[in-house]
Protein chains: 2
Amino acid sequence: LGARTRTNKTSQRSLNAVGEAGLLGRLLPKLSRELSRSASVKPGDDAAVVPAGPGGRLCVITTDILIEGVHFDLDWTSPEDLGHKALAVNLSDLAAMGNVTPGFGVVSLGISPKKPVAFVDKLYRGMARIAKRHAFDIVGGDTVRSRDLTISVAAVGWAKRPSDLILRSGARPGDFILATGTAGDAALGLKILQKKAPALLNLPAGLRRELAARLLRPEPRLAAAKKLVKTGGVTSLLDSSDGILRSVQIIREASHVGAEIWLERLPLSGAAQIAARQHPQLVLDAALAGGEDYELVFTARPAAAQALLADKTASLIGRVLNFSEGLQIYHHGKLRRAPRAYEHFAR
Amino acid sequence: LGARTRTNKTSQRSLNAVGEAGLLGRLLPKLSRELSRSASVKPGDDAAVVPAGPGGRLCVITTDILIEGVHFDLDWTSPEDLGHKALAVNLSDLAAMGNVTPGFGVVSLGISPKKPVAFVDKLYRGMARIAKRHAFDIVGGDTVRSRDLTISVAAVGWAKRPSDLILRSGARPGDFILATGTAGDAALGLKILQKKAPALLNLPAGLRRELAARLLRPEPRLAAAKKLVKTGGVTSLLDSSDGILRSVQIIREASHVGAEIWLERLPLSGAAQIAARQHPQLVLDAALAGGEDYELVFTARPAAAQALLADKTASLIGRVLNFSEGLQIYHHGKLRRAPRAYEHFAR
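Since the model is a prediction, treat every value here as computed from it, not as a measurement.

Caption draft 1: The arrangement of the overall build of chain A in detail. Helices and strands together make up the secondary structure of chain A, namely twelve helices and twelve strands. A buried classification covers 60% of the 347 residues belonging to chain A. Here the contacts in chain A between residues at least 6 apart in sequence split such that 82% fall between residues at least 24 apart. On chain A, roughly 14,000 Å² of surface is accessible, and the fraction owed to carbon and sulfur atoms is 52%.

Caption draft 2: Quick peek at the pattern of salt bridges. Under the definition given, this model contains 22 salt bridges over all chains. Here R217 of chain A and D81 of chain A are joined by a salt bridge, their closest N and O atoms 2.8 Å apart. Note that R217 of chain A is positioned in the loop between α7 (205-216) and α8 (222-231) and D81 of chain A in helix α4 (residues 79-95), a separation of 136 residues in sequence. K85 of chain B is paired through a salt bridge with E292 of chain B; the nearest N and O atoms lie 2.5 Å apart.

Caption draft 3: Summary view of the packing of helix α6 (residues 185-193) of chain A against helix α11 (residues 280-289) of chain A. Residues and elements named next belong to chain A. Remark: α6 packs on α11, axes separated minimally by 7 Å, with the N-to-C direction vectors making an angle of 125°. Taken together, the axes of α6 and α11 lie oblique to each other. Where α6 abuts α11, its residues A187, L188 and K191 lie against L282, V283 and A286. For the contact of α6 with α11, a count of residues per class yields five nonpolar, no polar and one charged.

Caption draft 4: Spotlight on the sheet that holds strand β7 (residues 234-239) of chain A. Residues and elements named next belong to chain A. Overall, mixed pairing links the seven strands, which are arranged β7-β9-β6-β10-β8-β11-β12 in an open sheet. Of all the strands in the sheet, the pair left with one neighbour each is β7 and β12 (334-335). One ladder, built from four bridges, connects strand β6 (residues 176-179) with strand β9 (residues 296-300); its direction is antiparallel. Bridge pairing in β9 links F176 to A300. Of the strands in this sheet, β7 and β9 are in contact with α8, which crosses β9 at around 5°.

Caption draft 5: Structural context of the side chain of S255 of chain A. Note on placement: S255 of chain A falls in helix α9 (residues 244-255). Sequence-distant contacts of S255 of chain A, defined by excluding residues within four places in its chain, comprise R168, S169, G170, A171 and S236 of chain A.

Caption draft 6: Inspection of α4 of chain A at higher detail. An ideal rise of 1.5 Å per residue puts 24 Å on 17 residues; α4 of chain A measures up with 24 Å between its terminal C-alpha atoms. With 16 of 17 residues buried, α4 of chain A is to be regarded as a mostly interior element.

Caption draft 7: Broad picture of the side chain of K85 of chain B. Residues and elements named next belong to chain B. Position of K85 relative to the elements: it lies in helix α4 (residues 79-95). A relative accessible area of 9% means that K85 is categorised as buried. One polar contact links K85 to E292, side chain to side chain, over a distance of 2.5 Å.

Caption draft 8: Up close: the packing of α7 of chain A against helix α10 (residues 270-278) of chain A. All names here are of chain A. Their axes nearest at 9 Å, the elements α7 and α10 cross at an angle of 120°. The angle between α7 and α10 falls in the class oblique. Between α7 and α10 lies a crossing whose hand is left-handed. Within the contact between the two elements, α7 uses L207, E210 and L211 and α10 uses A271, A272 and I274. Looking at the contact of α7 with α10 residue by residue, the class counts come to five nonpolar, no polar and one charged.

Caption draft 9: Structural view of the packing of aromatic side chains. On inspection of all chains with the given rule, the structure shows two aromatic pairs over all chains. With centroids separated by 6.2 Å and ring planes inclined at 50°, the aromatic side chains of F104 of chain B and W158 of chain B adopt a geometry described as tilted. With a gap of 54 residues between them, F104 of chain B in strand β3 (residues 101-111) and W158 of chain B in strand β5 (residues 150-159) connect regions that are remote in the sequence. Like W158 of chain B, F104 of chain B is buried. Its end group placed over the ring of W158 of chain A, R57 of chain A keeps NZ or CZ at 4.1 Å from the ring centre. Here the guanidinium or amino end of K115 of chain A rests over the ring plane of F119 of chain A, the centre of that ring lying 5.3 Å away.

Caption draft 10: View of the sheet that holds strand β4 (residues 137-145) of chain B. Residues and elements named next belong to chain B. As summarised here, the arrangement of the five strands in space is β1-β2-β5-β3-β4, forming an open sheet in which the pairing is mixed. In this open sheet, the two strands that pair with only one neighbour each are β1 (48-51) and β4. Neighbouring strand axes in the sheet, compared pairwise and without regard to direction, differ in orientation by 20° on average. Summarising the sheet, β3 and β5 pair through nine bridges and their orientation is antiparallel. By the bridge assignment for β5, G110 is matched with T150. Of the strands in this sheet, β2 (58-67), β3, β4 and β5 are in contact with α4, which crosses β2 at around 145°.

Caption draft 11: Representation of the environment of G110 of chain A. Here G110 of chain A lies in strand β3 (residues 101-111). Residue classification places G110 of chain A among the buried positions, given a relative accessible area of 0%. Each residue touching G110 of chain A, except ones within four places of it in the same chain, is listed here: V144, S146, D148, L149 and T150 of chain A together with I67 of chain B.

Caption draft 12: Focus on the pairing of β4 of chain B. All names here are of chain B. For β4, the tally of buried residues reaches seven of nine residues, placing the bulk of the element in the interior. The pairing of β3 with β4 spans eight bridges and is classified as parallel. Opposite G105, over in β4, you have I138 as the bridge partner. Between the parallel elements β3 and β4, the chain passes through helix α5 (residues 117-133) in a crossover that is right-handed.

Basis of the calculations
Each chain has its residues counted from 1, following the order in which its sequence is written. For naming, the first written chain is A and the first written ligand is 1, with later ones following in the order written. Under the rules for a predicted model, residues below a pLDDT of 70 receive no local features and side-chain atom pairs below 80 are neither given nor counted, while totals for whole chains, interfaces and linings still include all residues. Note that the side-chain values use all heavy atoms of the structure and ignore hydrogens as well as water. The way it works is that DSSP assigns letters per residue, a run of H or I at least four long becomes a helix, a run of E at least two long becomes a strand, and they are numbered from the N terminus. Three labels apply to residues, based on accessible area from a 1.4 Å probe with only protein chains included: buried if under 20% of the type maximum, exposed if over 50%, partly exposed otherwise in between. Contacts: residue pairs with any heavy atoms within 4.5 Å of one another. Computed by Shrake-Rupley with a 1.4 Å probe, the accessible areas treat only the displayed protein chains as cover when residues are assessed. Put simply, a salt bridge is a Lys or Arg side-chain nitrogen that is within 4 Å of an Asp or Glu carboxyl oxygen. Only the stretch in contact is used when a helix axis is fitted, and all axes are lines through C-alpha atoms; the angle between N-to-C directions ranges over 0 to 180 degrees. The scheme is simple: roughly parallel for angles under 35 degrees, roughly antiparallel for over 145, roughly perpendicular for 65 to 115, oblique for anything else. Three categories are distinguished: nonpolar for Ala, Val, Leu, Ile, Met, Phe, Trp, Tyr, Cys and Pro, charged for Asp, Glu, Lys and Arg, and polar for the others, with Gly belonging to the last. Any two strands with at least two DSSP bridges between them are considered paired. An expected span of 1.5 Å times one less than the residue number is assigned to each helix. We call two N or O atoms a polar contact when they sit within 3.5 Å, provided that within protein one can donate a hydrogen and the other can accept it, with sequence-adjacent residues counted only if both atoms are side-chain atoms. Should the near helix be turned anticlockwise from the far one by less than a right angle, the crossing is left-handed, and should it be turned clockwise, the crossing is right-handed. Here is the rule: rings of Phe, Tyr and Trp (six-membered ring for Trp) pair when centre to centre is within 6.5 Å. Planes less than 30 degrees apart are stacked, more than 60 are edge-to-face, and the remainder are tilted. Consider the ring centre and the ring normal. A charge sits over the ring if Lys NZ or Arg CZ is within 6 Å of that centre and within 35 degrees of that normal. Place the viewer so that the strands point away; then a crossover is right-handed whenever the path from the first strand over the helix to the second strand goes clockwise.

Right, dumping it as C-alpha cells:
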C-alpha cells in the first residue's frame, strides 16, 4: 500500500527525480505481477529464468544495452573493446545466476550511417572472439540507423536444474561474504582514461594500461560461478557491475540481512597495490564502491567459504549479520564512514 | 571469393554507401560462419532457431530495436502506441517463422531522465496489453539513460518441431503468392501523420485515424501463421515489414525464383479504397511498396493457396516464376514500371 501511494505521487515527476534504481524498483514488480506468469525467478535478479519445456532444463535470459556517451566513450574504446564488452556484461549476468551454460543471443545495433564499415567489422570481431571462447552463438540481430552508437545484446543460457541457480535472496546471518578476482581496477582504469585523477597518471604506462583493460575488456566469471554452485554452500550471488558496496546492499535488501565489510580485506590487483602506496584512499574507495569490475560477489556458509578460499576462487571480504545490525564498514577493526559517503563514486 | 573481394574494398567506405541491407548481407553470413554452431536456421531469416534441448522443441528468437527520430516520432506516437509497437514487431517476426508460440522476452529501454515517470508507465501499459493478449511474458530488462528514446526487445518463442517452421527459401515455380490482411495502410497512415500528402488530408477524420492506427498499432499475425502451417502447402513465408514488393524480392533471392505481382489484386482496406478513388497511384504505390503493415507474405502450392483463399485467410497477389524470368509487375494484364521506381517509397 505504501508503494502504491508513492506510485501515484511520483507519476508526474521526472525519471531524474526518481532515479534509475527507483525506476526499476517501480517497474519490475509491476511487470512481474502483470506479465510474468512463466518466469520461475522474478524480475529483479541479474537474469530471468523460464522453464524450457519437457527436458526440465531452465532457460536463463538477460539483456544489457550500452549507449555511446553514457556507457562508453569512443575516444578511448576501440570497436573491438566495445564488441567484447557488450557481450561480456551479458555473460556476466548469466554467471551471476550460478551454473549457467551460455547458449545463444541476438544483437541489436544502432549506428550512424557515417561510420566506416571497418568499424562494424572490428566491433563484431571483438564480439566473435569472446563468444567463441565461451561457446556462445550469436544467431541474429537487427541493425538500424542511430545518432548515438547503441548496442543491445540479449543472451540466453541454460541451467540443468533449479539447484544450479543461486539468487540474491538466500544470504543468512553467519554466512561469509566473498568476492572473486580483484576490486576497483575498472574504476581506477576509468579515472585514468578520463584523466580525472592526475595522481594516477604518474603510474608506469604498463600499470595504467592494465587498469584500463579491466574497464574495457571485463572477463565474465562463468567458470568461477560453476565452482560456487558445486560447493552446495553458496547462499546468494550477483556480479559487481555497480561495485562491491552496491552488491552487498542488494544482497542485504533481497535477503533481509545486515552485513559487515572489512576494507583491508578487499582484494587489490598488483597495479592497484602499487597505486595505493601513493593514493591509499583513492584506491580503497575504488575497491569498495567502483563499478564495472564484473567480478562475482557472494555469500557462503562457513565450510563452503573455507573451501573457496583454500583453492583461491575468491577472497573473504566480510560477513552477514542480522538485519537489525544494518551495514557496517570496518578498516583494521575501526568503524568507518557511512556508506552514503561513497555514493559519489558510483557511476 | 567474389564476396570476399568486395568485403576488402568496402571496409574503408561508410555504412551509408553500403546501405543497411548491404550491411546485414555483409555481417550475417560472416556471423553465421564464425559463430553460429547451434542455430538450425541460419541468420538472415526473420528470427533464428535453436534446438531447445532434450524435449525436441525449437527455440525461436528475434530482436528489433526502435529509435526515436528514426522509427517513430513522439509528436504523433503515444507512449502506449510505442510500447505496443515495440512488442508487436517482434511478435510479427515470430509469426513470420510459422507456427510459433510466443514465450518470453526482455526489454532494454534507453530514456532521457527528463521524461516523466507517467510516460514510462504508459509505455509499459501498451506493452503489457499486447503481451497479455498473446500470452507473452516480459521477464526482465535493462533501463539506461539515453538522449534518444530507444527500445530494444528480444522475444523468444517455441516451435514443437521443424515442420512448424516456414523459411523464406522454399518457394518453387508454380506456387502462388498470397498476403494476409490489407496492404499499404501503414504507409498511407504515415503520410497522413507526416502531413506529406496534402491530398490525403481531405479524407474524413475517421478514415485518417484508421490508416494512422495501422501504422501505430500493428497486429502480429500469429493466428494466421498457424493456419498457414496447417495446410502443409505453404513453401515460404515472411512478414511485410518493408512492404510487399520487398518481401517478394527477399523470397526471390532466398528461393532463387522469379515472380509476377498483380497490382489490381493487392488487397485494399475500405479506407484505402476510398482514398484510391481520388488518388489511385498513391494508394497503389503504398500497397505495393509501403512498409510497416506487418502482414504475412507467403507462397503456397495451388491446393493450399485455394484453401487459404476459400476461408479468407489471405488474398492472391501473384505467382512464382522461374528465376530467369525475374520480377514482373502487372496491372490488369499490362506490364508496369520497373521495381526500382518504387524504391523512393520504402522507408
